[in-house]
Amino acid sequence: MTDFIHRFEPATSAGSPPLLLLHGTGGDENDLLGLGKMISPGSALLSPRGRVLEHGMPRFFRRLAEGVFDETDVRRRAIELADFVANARTQYGIAAPIAVGFSNGANIAAALLLLKPEVLAGAILLRAMVPLSDPPMAKLDGKPVLLLSGQADPIVPASNSAKLAALLSHAGARVDHKVLPAGHQISQADVTLARNWIGSVE
Ligand code: MLT
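Counting starts from 1 at the beginning of each chain's written sequence and moves along it residue by residue. Reporting in this predicted model follows two pLDDT cut-offs: at least 70 for local features of residues, and 80 or more for side-chain atom pairs to be given and counted; totals over whole chains, interfaces and linings ignore these cut-offs and use all residues. As a rule here, side-chain values cover all heavy atoms of the structure and leave hydrogens and water aside.

J.: Teacher, can you tell me more about the packing of aromatic side chains here?
T.: Note on aromatic pairs: each is described by the distance of the centres and the angle between the planes. Stacked, tilted and edge-to-face are the three classes applied to pairs of Phe, Tyr and Trp rings, where Trp contributes its six-membered ring and a pair requires centres within 6.5 Å; stacked means planes under 30 degrees apart, edge-to-face means over 60, and tilted covers the rest. Counted under the stated rule, the structure contains three aromatic pairs. With 3.9 Å between their ring centres and 5 degrees between their planes, Phe8 and Tyr92 make a pair best called stacked. Taken together, the positions of Phe8 in strand 1 (residues 6–9) and Tyr92 in helix 2 (residues 71–92) put the pair 84 residues apart, joining distant regions of the chain. Taking the centre distance of 4.9 Å and the plane angle of 75 degrees together, the rings of Phe61 and Phe69 count as edge-to-face. Burial classification: accessible surface area is computed with a 1.4 Å probe over protein chains only, and a residue below 20% of its type maximum counts as buried, one above 50% as exposed, and the rest as partly exposed. According to the relative accessible area criterion, Phe61 is buried, its value standing at 0%. Numbering of helices and strands runs from the N terminus; a helix is a DSSP stretch of H or I covering at least four residues, while a strand is a stretch of E covering at least two.

Set out below in structure tokens:
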């Protein structure tokens, strides 16, 4: 079994869904704990550190250039992460989590939805892009997905996030895609929208 360095914080309120927190390039397992608590106070938090290093910066898969992914590695790392989540669920006794991913973490969450949909109960994708050019036809069976994009994001073109929304909807996900007046960074509006959305899907 491949292990991930990770943090786990148990739930403090029984009704809240567990969250799988997936950081951006150069982040680590501590980065999104605060965001997770703001979005869903009381949820169990499972937060792994990406196992790929790019000039010392942790990520969840290799890329050839910014926005150009090593898709063989995307597939391999998504399976690795799926195994980690399955093992962590047994170890910590948690239900299938809702992923909360930012940037590279949102991209691996999107890959998980396409390759291993059973691993996630849903996903909040902050500044995600299409992770695979030729994904298998996933069956997302009404899984809820909140996709928040930045109108002025220099990394993710509007056409790319629209394509991801279409891909996930086509696979059967219940996608709520909002384009915010923001760049690649998370804004206060992301936090508010994510918190309201999670309240509505609980
Ligand atoms: C990626 O490599 O996943 C995207 O370019 C986002 C990033 O990490 O900057």
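J.: Can you help me understand the nonpolar core in this one?
T.: Across soluble globular proteins, nonpolar side chains have a tendency to be buried as a group. Residues Leu22, Leu112, Leu113, Leu125, Leu164 and Leu168 are the most contacted members of the largest nonpolar core, which totals 44 residues. Elements with a minimum of two residues in this core: strand 2 (19–22), helix 2, helix 3 (104–115), strand 9 (122–126), strand 10 (144–150) and helix 4 (158–170). The element best represented in this core is helix 3, accounting for nine residues. Other than its neighbours up to four places away in sequence, Leu22 contacts Leu32, Pro48, Phe60, Leu81, Ala99, Val100, Gly101, Phe102, Gly105, Ile108 and Ala109. Membership of the second largest hydrophobic core comes to 20 residues, among which are Leu19, Leu21, Leu32 and Ile198. Definition of nonpolar core: a set of buried residues of the types Ala, Val, Leu, Ile, Met, Phe, Trp, Tyr and Cys, connected through side-chain atoms within 4.5 Å. The contact rule is simple, with two residues in contact once any of their heavy atoms fall within 4.5 Å.

J.: Would you mind going over the site of the ligand with me for this structure?
T.: For this purpose, a residue is taken to be near a molecule or strand whenever a single non-hydrogen atom of the residue falls within 4 Å of it. Near the ligand, the surroundings consist of Thr25, Arg59, Phe61, Arg63, Gly67, Phe69, Ser103, Asn104, Asn107 and Ile155. Nitrogen and oxygen atoms within 3.5 Å of one another constitute a polar contact, given that in protein one can donate a hydrogen and the other can accept it, and given that sequence-neighbouring residues count only through two side-chain atoms. Between Arg59 and the ligand, the recorded distance is 2.8 Å, taken from a side-chain N or O atom to an oxygen atom. Asn104 places a polar side-chain atom, nitrogen or oxygen, 2.9 Å from an oxygen atom of the ligand. All accessibility values rest on the Shrake-Rupley procedure with a 1.4 Å probe; residue burial counts only the protein chains present in the view. Isolated, the ligand exposes 260 Å² of accessible area, and the fraction of that covered by the protein chains is 95%. In terms of residue class, the shell around the ligand is built from three nonpolar, five polar and two charged. Note on residue categories: nonpolar means Ala, Val, Leu, Ile, Met, Phe, Trp, Tyr, Cys or Pro, charged means Asp, Glu, Lys or Arg, and polar means any other residue, Gly included.

J.: What exactly am I supposed to notice about the side chain of Ser40 here?
T.: Note that Ser40 resides in the loop between helix 1 (33–39) and strand 3 (45–48). A polar side-chain atom of Ser40 sits 2.6 Å from a polar atom in the side chain of Ser43.

J.: What should I look at first to understand the sheet that holds strand 10 in this one?
T.: Sheets are built from strands that pair by backbone hydrogen bonding, the pairs being arranged parallel or antiparallel. Pairing in this open sheet of seven strands is mixed, and the strands run 1-3-2-8-9-10-11 from one edge to the other. Each end of this open sheet is capped by a strand with a single partner; those strands are strand 1 and strand 11 (174–180). Shown here is a sheet whose adjacent strand axes are inclined to one another by a mean of 10 degrees, direction ignored. Whether two strands pair comes down to DSSP finding at least two bridges between them. As judged from the seven bridges shared by strand 10 and strand 11, these two strands associate in the parallel manner. If you follow Pro144 over to strand 11, its bridge partner there is Arg174. In this analysis, axes come from line fits to C-alpha atoms, helices being fitted only over the stretch in contact, and the angle between any two N-to-C directions falls in the range 0 to 180 degrees. On top of the sheet, helix 2 reaches strand 1, strand 2 and strand 3; it is set at about 140 degrees to strand 3, its chief contact.

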